[in-house]
Amino acid sequence: MAANADTIARVYAQSLFELAQDAGGREKILEVADELEQVVELTRADRLFARFVESPVVDGQRRAASLRSIFENRITDLMLRFLLVLNTNQRLDHLDAIHCALVDLVHEAMGRVEVDVWTAVAMDEHTRRSVTDGLRTVLGKEPVVHAKVDASILGGLKIRVGDRLVDSSVAARLRQLEHSIRS
């Protein structure tokens with residue numbers, strides 16, 4: 001089911017991406033992606049709204065009328081029509097997955113890549129800039145850095161790009177040293 005949900009999400013995300021591209025290019029794509037993120041954040045923040053959006057029990061026509069009432073003149077017509085299509089096709093429960101797939105498409109189109117970076121303490125601005133510059137050079141893309149703090153690494157960095165993890169933390173080096181001593 002998860003693979004099917006991912007496929008469905010990618011199909012809808014690709015459609016939204018292409019519609020936004022046709023409607024105004026890069027700026028429209030970014031606007032629509034931001035709006036979808038706000039709608040997804042609303043579903044995360046308000047459980048009642050999330051249940052309303054995702055419930056198969058709610059009548060589709062009533063939900064459509066409510067969506068129009070809630071979002072009309074607050075989001076672009078393109079995004080409202082997209083939500084209404086999702087409602088008609090009973091796919092509103094895929095909003096989060098569609099958002100994730102759309103973010104991937106936007107990053108790819110804009111030459112960006114998401115990178116998780118763990119440090120033992122929060123990075124100051126100089127360190128963050130230095131890490132970002134280094135990643136840009138190595139990856140050949142614009143890194144979107146998600147800085148995280150994990151005191152257990154003691155020092156150094158852990159970096160994840162997609163499914164690749166580079167662990168140059170002090171804790172990892174100590175584990176390697178311990179392993180080599182025991183061998």
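Quick note: structure is the one above.
Conventions and cut-offs
- Residues numbered from 1 in each chain as written.
- Predicted model: local features only at pLDDT ≥ 70, side-chain atom pairs only at ≥ 80, totals over all residues.
- Heavy atoms only, no water.
- Helix = DSSP H or I, 4+ residues; strand = E, 2+ residues; numbered from the N terminus.
- Buried < 20%, exposed > 50% of the residue type's maximum accessible area, 1.4 Å probe, protein only.
- Polar contact = N/O pair within 3.5 Å; in protein donor to acceptor, adjacent residues only side chain to side chain.
- Contact = heavy atoms within 4.5 Å.
- Right-handed = clockwise from strand over helix to strand, strands pointing away.
- Pairing = 2+ DSSP bridges.
- Salt bridge = Lys/Arg side-chain N within 4 Å of Asp/Glu carboxyl O.
- Expected span 1.5 Å × (residues − 1).

Caption draft 1: Summary view of the side chain of N87. Mapped onto the elements of the fold, N87 is located in helix α4 (residues 77-88). The exposure class of N87 is buried, given its relative accessible area of 5%. Reaching out from N87, the side chain makes a polar contact with the backbone oxygen of G60 at a distance of 2.8 Å. Contacts of N87, omitting those with residues within four sequence positions, involve G60, R63, A64, L67 and L92.

Caption draft 2: Representation of the pairing of strand β1 (residues 112-119) in the model. Of all 8 residues in β1, 6 are buried, a share of seventy percent or more. Running through helix α6 (residues 125-139), the crossover from β1 to the neighbouring parallel element strand β2 (residues 142-149) is right-handed. Bridging between β1 and strand β3 (residues 158-161) involves 4 bridges; their strand directions are antiparallel. Among the inter-strand pairings, D116 is bridged to a residue of β3, identified as R160.

Caption draft 3: How the structure looks around the pattern of salt bridges. This model, assessed by the stated rule, comprises 11 salt bridges. For R44, the salt bridge goes to E41, with nearest N and O atoms at 2.7 Å. Separated by 3 residues within a single helix, R44 and E41 lie in helix α1 (residues 2-45), roughly one turn from each other. The partner of R175 in a salt bridge is D167, and the shortest N-O contact between them spans 3.4 Å.

Caption draft 4: Spotlight on α4. In this model, α4 (12 residues) spans 16 Å end to end at C-alpha, consistent with the 16 Å of a helix rising 1.5 Å per residue. Looking at the residues trailing α4, positive phi occurs at Q90, about 55°.

Caption draft 5: View of helix α5 (residues 95-110). Look at α5: 22 Å from first C-alpha to last across 16 residues, which is about the 22 Å you get at 1.5 Å a residue. Inspection of α5 places L95, I98, H99, A101, L102, L105, V106, H107 and M110 among the buried residues, and these make up the whole buried set. Just past α5, the residue G111 takes up positive phi, approximately 70°.

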